[in-house]
Amino acid sequence: MSNYPKSPLMGQMMSQPLLISSIIQHADRYFGDNEIVSRRVEGDIHRYTYRDCHTRSRKMANALQKFGVKMGDRVGTLAWNGYRHLELYYAISGSGAVLHTINPRLHPEQIAYIVNHAEDQYLFFDLTFIPLVEAFAAHCKTVKGFILMADRDRMPAETKIPNLQCYEDLIEANSADYEWPVFDENSASSLCYTSGTTGNPKGALYSHRSTLLHSYASTMPDALNVSSRDAVLPVVPMFHVNAWGLPYSVPLTGAKMVFPGPSLDGKSVYELFEQEKVTFSAGVPTVWLGLLTYVAQNNLTFSTFKRTVIGGSACPPAMMKTFRHQYGVEVVHAWGMTEMSPLGTACTLQSHHQSLPEDEKQAVLEKQGHAIFGVDMKIVDDQGKELSWDGETYGNLLVKGPWIIERYFKGEGGEVLQDGWFPTGDVATISPDGYMQITDRSKDVIKSGGEWIGSIDLENIAMAHPAVQQAACIGVFHPKWDERPLLVVVKKPGADVTKEELIKYYDGKIAKWWTPDDVTFVDALPIGATGKVLKNKIREQFKEYKLPTA
Ligand code: AMP
């Protein structure tokens, strides 16, 4: 945090810190009767209002105070998207402690590492995770108690988890008489660890200020465009980058919230969409694959679903077209990362695009989009020289803004900024009108004869083929060119296509020398803890692969 020069004449407006507790206070006061609906781990549907959520959050804040949790202390959660998790978002951060959301899809050893690194004082978890917590609880050095987020009758009779308490007992035993404390808006509010595909995960420590600014900016019409008239179902998990900020931005607008709990299969999500009249959602492409397959197989349509944000990895154009043309659902392609709270860009059309032919509009929408206000970006070469915004030149993408990290928690990884900019590790182009397109993660770029081939383009083409369910493209060793592209494909159930047909499918769609040298078919692609295809696993699997051209 820098010390900027002060003007001799300072503004005379109220200096009120931007605090997370103000969001739930606002939701209670102005949208108190609006609903929060959750599919619980137990399977049933739970309903209550923002007013109830605020009351229970205050009770939980009192419980934390009795536990002796102080400002800045970290409190962990291992939980699905649900109302109790939302209460903790406000109880923990609102009381000045730090909400540490943990990804339950990680290996127990990795979870223990993260809990110890964060020095979590208490750990809250959902019913589903009893066996997981039993597997690592003994290795947690700082955790004083574990809290099961369930009713009393669900408490296990016997367990290896030490100091286990019941969430609902704490709610019952505590009063809602609690004043949210007022403190410096730069205080830490929540902590999320990066996926850590290489090395140990590192923590991004958000502040109240960064979270509030991100929440304001993300609701804007050219970003997520959420309003009090929406019913929002966050498919993105609350255990990874705060579900893209939706647990804050949705109550901020007063929109109805619909939580899917652990049931993310196509059928369960679809039923909730229809029953609760969901208008807006957000998720990674892999989740939408399941939903779209279910809807297609059962000949269904969406009656209220209007808009979805897709990000986390590149949205295949074929998926976007299916949503738009077949189901009338607008897709907003967005890009960001854990280190960015996470939103950086969103893709929406401007007035000057309206008169474009349909295919040109579609080409714009397939990009990751323009920076949302608050974020600035640039592309640079390996020497750090800024590259032009011509839509063709690609370079390392750097960003800055008030909700982008300055350093990792506890200084892990040392100095991360380059002249005040955060290097994202992504490679991108930027068009003259400021639309950014990711060509690849720098680690995934295929380096062929000294030139770069972006794997995302190659995957998008393959995924537009009617017989292809999923595709990943990696560089494999080639004696002449160093690397050449190998396409790894999962076919749609019941569909068939040959390797020759797929290679031919690239004709005319891309520079000839970008065409994959070979295609291999697999039953499934490895998917990581945040729903992304694990390219490093695929590279490992095919590291000895012999290309026919080699
Ligand atoms: P994470 O911190 O786990 O959310 O991962 C962030 C990374 O996901 C980014 O640096 C990108 O490589 C990738 N990513 C996120 N959104 C997109 C997108 N819309 N298109 C392509 N890659 C994306």
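About the thresholds
- Residues numbered from 1 in each chain as written.
- Predicted model: local features only at pLDDT ≥ 70, side-chain atom pairs only at ≥ 80, totals over all residues.
- Heavy atoms only, no water.
- UniProt positions renumbered as here; feature names shortened; annotations may be inferred.
- Axes fitted to C-alpha atoms, helices over the stretch in contact; angles between N-to-C directions.
- Helix = DSSP H or I, 4+ residues; strand = E, 2+ residues; numbered from the N terminus.
- Parallel < 35°, antiparallel > 145°, perpendicular 65-115°, else oblique.
- Left-handed = near helix turned anticlockwise from the far one by under 90°.
- Contact = heavy atoms within 4.5 Å.
- Nonpolar A, V, L, I, M, F, W, Y, C, P; charged D, E, K, R; others polar.
- Domains from an automatic or database assignment.
- Polar contact = N/O pair within 3.5 Å; in protein donor to acceptor, adjacent residues only side chain to side chain.
- Buried < 20%, exposed > 50% of the residue type's maximum accessible area, 1.4 Å probe, protein only.
- Salt bridge = Lys/Arg side-chain N within 4 Å of Asp/Glu carboxyl O.
- Disulfide = S-S within 2.5 Å.

The protein has the name Fatty-acid--CoA ligase in an unreviewed UniProt entry, where Noviherbaspirillum galbum is given as its organism. Regarding the protein, the UniProt comment filed under Sequence similarities (unreviewed entry) reads as follows: "Belongs to the ATP-dependent AMP-binding enzyme family."

Engineer: Explain the packing of helix H12 (residues 317-327) against helix H13 (residues 358-365) to me, please; I cannot follow it from the model alone.
Structural biologist: Axis angle and axis distance: for two packed helices, these are the angle between their axes and the distance between the axes, and together they describe the pair. Where H12 contacts H13, the axes come no closer than 11 Å and their chain directions differ by 120°. When the interaxial angle is binned, H12 and H13 end up oblique. Regarding H12 and H13, the two cross each other, and that crossing is right-handed. Where H12 approaches H13, its residues Pro317, Met320, Lys321, Arg324 and His325 are matched on the opposing element by Glu358, Gln362 and Leu365. Of the residues in the contact of H12 with H13, the class split is 3 nonpolar, 2 polar and 3 charged.

Engineer: Looking at this structure, I do not really get the side chain of Thr424. What am I missing?
Structural biologist: With respect to the helices, strands and loops of the structure, Thr424 is situated in strand S19 (residues 422-430). Here Thr424 is in contact with Trp335, Met337, Leu397, Val399 and Arg441, once residues within four sequence places are set aside.

Engineer: Explain the domain arrangement of the protein to me, please; I cannot follow it from the model alone.
Structural biologist: By a widespread convention, an interface's size corresponds to the accessible area lost as its parts come together. Structurally, the protein comprises domain 1 (21-212), domain 2 (351-441) and domain 3 (445-541). The C-alpha centroid of domain 3 is placed 40 Å from the C-alpha centroid of domain 1. Contact with domain 1, which involves 5 residues of that partner, is made by 4 residues of domain 3. Inspection of the domain 1/domain 3 interface yields 2 residue pairs in polar contact (both at pLDDT 80 or more). Considered class by class, the residues forming the side of domain 1 that touches domain 3 number 1 nonpolar, 3 polar and 1 charged.

Engineer: I keep staring at helix H7 (residues 208-218) and nothing clicks. Help me out?
Structural biologist: An α-helical turn contains 3.6 residues, so any two residues separated by three or four positions project in the same direction. Most of H7 sits inside the fold, with 8 of its 11 residues counted as buried. Taken together, the buried positions of H7 are occupied by His208, Ser210, Thr211, Leu212, His214, Ser215, Ala217 and Ser218.

Engineer: Is there a simple way to think about the pattern of salt bridges in this case?
Structural biologist: Between side chains of opposite charge, a pair can form when the charged atoms approach closely. As enumerated under the stated definition, the model contains 31 salt bridges in all. The partner of Asp151 in a salt bridge is Arg84, with the nearest N and O atoms 3.0 Å apart. Residue Asp151 is located in the loop between strand S6 (145-148) and strand S7 (164-166), and its partner Arg84 is located in helix H3 (residues 83-94); the two are separated by 67 residues in the primary sequence. For Asp151, a relative accessible area of 26% puts it in the partly exposed group. Here Asp518 and Lys499 are joined by a salt bridge, their closest N and O atoms 3.2 Å apart. Placement of Asp518 in strand S25 (residues 518-521) and of Lys499 in helix H15 (residues 499-505) is noted, with a sequence separation of 19 residues between them. We classify Asp518 as buried; its relative accessible area is 5%. Connected through salt bridges with shared partners, the residues Arg40, Glu42, Asp44, Arg56, Arg84, Glu87, Asp151 and Glu168 form a single ionic network.

Engineer: What is the right way to look at the state of the cysteines in this model?
Structural biologist: Within this structure, the stated rule accounts for 0 disulfides. Looking at Cys140, it has no disulfide partner, and the nearest cysteine sulfur is the one in Cys192, 18 Å off. For Cys315, which is in no disulfide, the shortest distance to another cysteine sulfur is to Cys347 and amounts to 11 Å. Cys315 gets classed as buried once you look at its relative accessible area, which sits at 1%.

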